[in-house]
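What follows is the residue order along each chain.
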Amino acid sequence: MAALRFGFGRLNSHLWKRRSFLLLKLTAFVCSVLLFCEFFIYYLVILRCNWPEVKTAARDREPGTLKPVLNAMFLADTHLLGEIRGHWLDKLRREWQMERAFQTALWLLQPEVVFILGDIFDEGKWSSPQAWADDVERFQKMFRHPGHVQLKVVVGNHDIGFHYQMSRYRIKRFEKVFNPERLFSWKGINFVMVNSVALEGDGCSICSEAEAELVDISRRLNCSREELRPGRCGDGQPPPASAPVLLQHFPLYRPSDANCSGEDAAPPEEKAIPFKERYDVLSRAASQKLLWWLQPRLVLSGHTHSGCEVLHGARVPEVSVPSFSWRNRNDPSFIVGSLTPTEYALAKCYLPLEDTVLITYCAAAGFLVVLVLVHLGLVASPVLFGYKLLRKFKTM
């Protein structure tokens, strides 16, 4: 009787050890998959991104003439979901993706300034004061940054509404959180940040004020570049004598995305769809005004959620920055730029594909199911099955 009990005890101990070992293996495997998909994959992908090298003229390579390089990061269309259209699971998944991507990029690339080109929020045009405060708090957590890194934000139509929804209240609410600075200069480089929603051209009071502000910036830039006498430029420190980089949410006018190429361009079925002025892109008139007033050397925009490079007037390049969120693209990305007062170089940095993460999770789930079934004896071990199949093949 005692021997029988001892035998049962050994059997139970053996089963308990097997189950404990299985649980330990499952836990380790699940933790490894989670760490890879939610943390390490961002480092592996973004680690391939590097700051582009600025090509300088021979005269600028001489000792004492080297110009400081500004490392800037550009992203667009984060579309943080609000209380109306935001499902909790969608919020959790997409916002975690953007937070990890942004924080990883900050740690690996160490930019000096980050520009977000509009549509920070998805429901800024509708949100109540409390919902707006909640959305801002989430944004500040996701896009937190060290004090030495500057974060500059351009307003988009989802932040304050299209022209017919735009109001002073929404604009002031946005500018209370994000600095309303229109002309930002650093290391001799000028950036002009435009409220493109207000460039409707219908003479509304908000539109007239926005245009008057741009005209004043144009005067200051032209005055600085023409090196007029200080008294002619008015009071205050004049901006650097450098052609500006124009940053806005709406792209400058183009008929469609038909001439855009690249893996993150619009899908083929959408490329030939004509753009609607003042909705998909700025109007021809507003685009011509901006180019005439500011004479930029480079334009960066968002809004379309797809990548595109076009040339305006045979000399002004525009880069449309794709969306930063999985909610809008399977392959989100951002732009890194190395800029000097006279030159610049841009490079595109991709984030992990959402499909890659989902496939990894599905494969891991399938592996777990097979592992449990093998342990329960419901299916043969793949190794044992392969060994038997090999022996059978040899004896034939």
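Placed above this text is the structure.
Residues numbered from 1 in each chain as written. Predicted model: local features only at pLDDT ≥ 70, side-chain atom pairs only at ≥ 80, totals over all residues. Heavy atoms only, no water.

In this section: the overall build of the chain. Of the regular secondary structure elements, the chain holds 10 helices and 11 strands. A total of 396 residues make up the chain; the buried ones form 47% of that total. Contacts spanning at least 24 positions in sequence make up 74% of the contacts within the chain whose residues lie at least 6 apart. About 21,100 Å² of surface is accessible on the chain, with carbon and sulfur atoms providing 60% of the total. (Helix = DSSP H or I, 4+ residues; strand = E, 2+ residues; numbered from the N terminus. Buried < 20%, exposed > 50% of the residue type's maximum accessible area, 1.4 Å probe, protein only. Contact = heavy atoms within 4.5 Å. Areas by Shrake-Rupley, 256 points an atom, 1.4 Å probe, with all protein chains shown as cover.)

This part takes up the sheet that holds strand E8 (residues 308-312). Within the open sheet, the six strands sit side by side as E4-E5-E6-E7-E9-E8. Their pairing is mixed. Edge positions in the sheet fall to strand E4 (183-186) and E8, since each has one partner strand and no second. Recorded for the sheet is a direction-independent mean angle of 20° between the axes of neighbouring strands. Across three bridges, strand E6 (residues 245-247) lies against strand E7 (residues 298-301) in parallel orientation. Paired with Val245 across the two strands is Leu298, which belongs to E7. Relative to the sheet, helix H6 (residues 205-225) contacts E4 and strand E5 (189-193), its axis offset from that of E5 by approximately 170°. (Pairing = 2+ DSSP bridges. Axes fitted to C-alpha atoms, helices over the stretch in contact; angles between N-to-C directions.)

Turning next to the packing of aromatic side chains. The description of an aromatic ring pair rests on the distance of the ring centres and on the angle between the ring planes. Per the counting criterion, the structure on display carries 20 aromatic pairs. When the centroid spacing of 4.7 Å and the interplanar angle of 40° are considered together, the rings of Phe115 and Phe191 count as tilted. Taken together, the residues span a long stretch of sequence, with Phe115 in strand E2 (residues 113-117) and Phe191 in strand E5 at a distance of 76 residues. The two residues Phe115 and Phe191 agree in class, both being buried. An aromatic cluster is present here, built from Phe102, Phe121, Trp132, Phe139, Phe143, Phe174, Phe178, Phe324 and Phe334 joined pairwise through their rings. (Phe/Tyr/Trp six-rings, centres within 6.5 Å; stacked < 30°, edge-to-face > 60°.)

Here we take up the environment of Leu23. Within the fold, Leu23 resides in helix H1 (residues 2-46). For the pair Leu23 and Val372, spaced 349 residues apart in the sequence, the C-alpha separation amounts to 9.7 Å.

Glancing now at the packing of helix H2 (residues 88-109) against helix H3 (residues 129-142). The N-to-C vectors of H2 and H3 enclose an angle of 40°; their axes lie 9 Å apart at closest approach. Taken together, the axes of H2 and H3 are oblique relative to one another. Here Lys91, Glu95, Met98, Glu99, Phe102 and Gln103 of H2 come into contact with H3, specifically with Arg138, Lys141 and Met142. Of the residues contributing to the contact of H2 with H3, the split by class is three nonpolar, one polar and five charged. (Parallel < 35°, antiparallel > 145°, perpendicular 65-115°, else oblique. Nonpolar A, V, L, I, M, F, W, Y, C, P; charged D, E, K, R; others polar.)

Before going further, it helps to spend a moment on the pattern of salt bridges. Applying the stated criterion across every chain, the model contains 18 salt bridges. With a closest N to O distance of 3.5 Å, Glu354 and Arg94 form a salt bridge. Here Glu354, found in helix H9 (residues 354-376), pairs with Arg94, found in helix H2; they are 260 residues apart in sequence, far enough to count as distant. For Glu354, a relative accessible area of 12% gives the class buried. In this structure, Arg138 engages Glu95 in a salt bridge whose closest nitrogen and oxygen atoms are separated by 2.2 Å. With Arg138 in helix H3 and Glu95 in helix H2, the pair connects residues that are 43 residues apart, well separated along the chain. There is no split in this pair, since Arg138 and Glu95 are both buried. A cluster of three or more residues bridged by salt bridges with shared partners is formed by Glu95, Asp135 and Arg138. (Salt bridge = Lys/Arg side-chain N within 4 Å of Asp/Glu carboxyl O.)

What follows deals with the side chain of Ser320. With respect to the helices and strands, Ser320 occurs in strand E9 (residues 316-320). At 3.3 Å, the side chain of Ser320 and the side chain of Arg254 are in polar contact. What Ser320 contacts, discounting residues up to four positions off in sequence, is Pro251, Arg254, Ser301, Thr304, Ser306, Gly307 and Cys308. (Polar contact = N/O pair within 3.5 Å; in protein donor to acceptor, adjacent residues only side chain to side chain.)

What follows concerns helix H8 (residues 284-294). Helical geometry note: an α-helix holds 3.6 residues per turn, so side chains three or four residues apart project in the same direction. Of the positions making up H8, those classed as buried are Ala286, Ser287, Leu290, Trp293 and Leu294. The buried residues of H8 occupy one face: seen down the axis, they fall within an arc of 140°. Opposite the buried face of H8, at more than 90 degrees from it, the exposed residues are Gln288 and Trp292. Residues of H8 that are buried in the fold lie against E5, H6 and E6. Phi turns positive one or two residues past the end of H8, at Gln295, with a value near 45°. (Arc of directions from axis to C-beta.)

A word on a nonpolar patch on the surface. Residues Leu35, Phe36, Phe39, Phe40 and Leu44 make up a contiguous nonpolar surface patch of roughly 440 Å² in combined accessible area. Along the polypeptide, Leu44 turns up in helix H1. By relative accessible area, Leu44 is classed as exposed at 52%. (Patch = residues over 30% accessible without salt bridge, like charges linked within 9 Å, V, L, I, M, F, W, Y side chains within 5 Å.)

Ordered by their spatial adjacency, five strands build an open sheet running E3-E2-E1-E10-E11, and the pairing between neighbours is mixed. Edge positions in the sheet fall to strand E3 (150-154) and strand E11 (344-350), since each of these pairs with one other strand and no more. On average, each strand axis in the sheet is tilted by 20° relative to the strand beside it, whichever way the strands run. Where strand E1 (residues 70-75) and E2 come together, four bridges link them in parallel fashion. Looking at the pairing, Met73 lines up with Val114 of E2.

Once that is clear, we can look at the packing of H3 against helix H5 (residues 168-177). For the pair H3 and H5, interaxial distance at closest approach is 12 Å and the crossing angle is 30°. On the basis of their axis angle, the class for H3 and H5 is roughly parallel. Every pair of crossing elements has a handedness; the one defined by H3 and H5 is right-handed. The residues of H5 that touch H3, namely those facing Pro129, Trp132, Val136 and Gln140, are Tyr169, Arg173, Phe174 and Val177. In terms of residue class, the contact of H3 with H5 is built from six nonpolar, one polar and one charged. (Left-handed = near helix turned anticlockwise from the far one by under 90°.)

Just distances and angles here, no functional claims.
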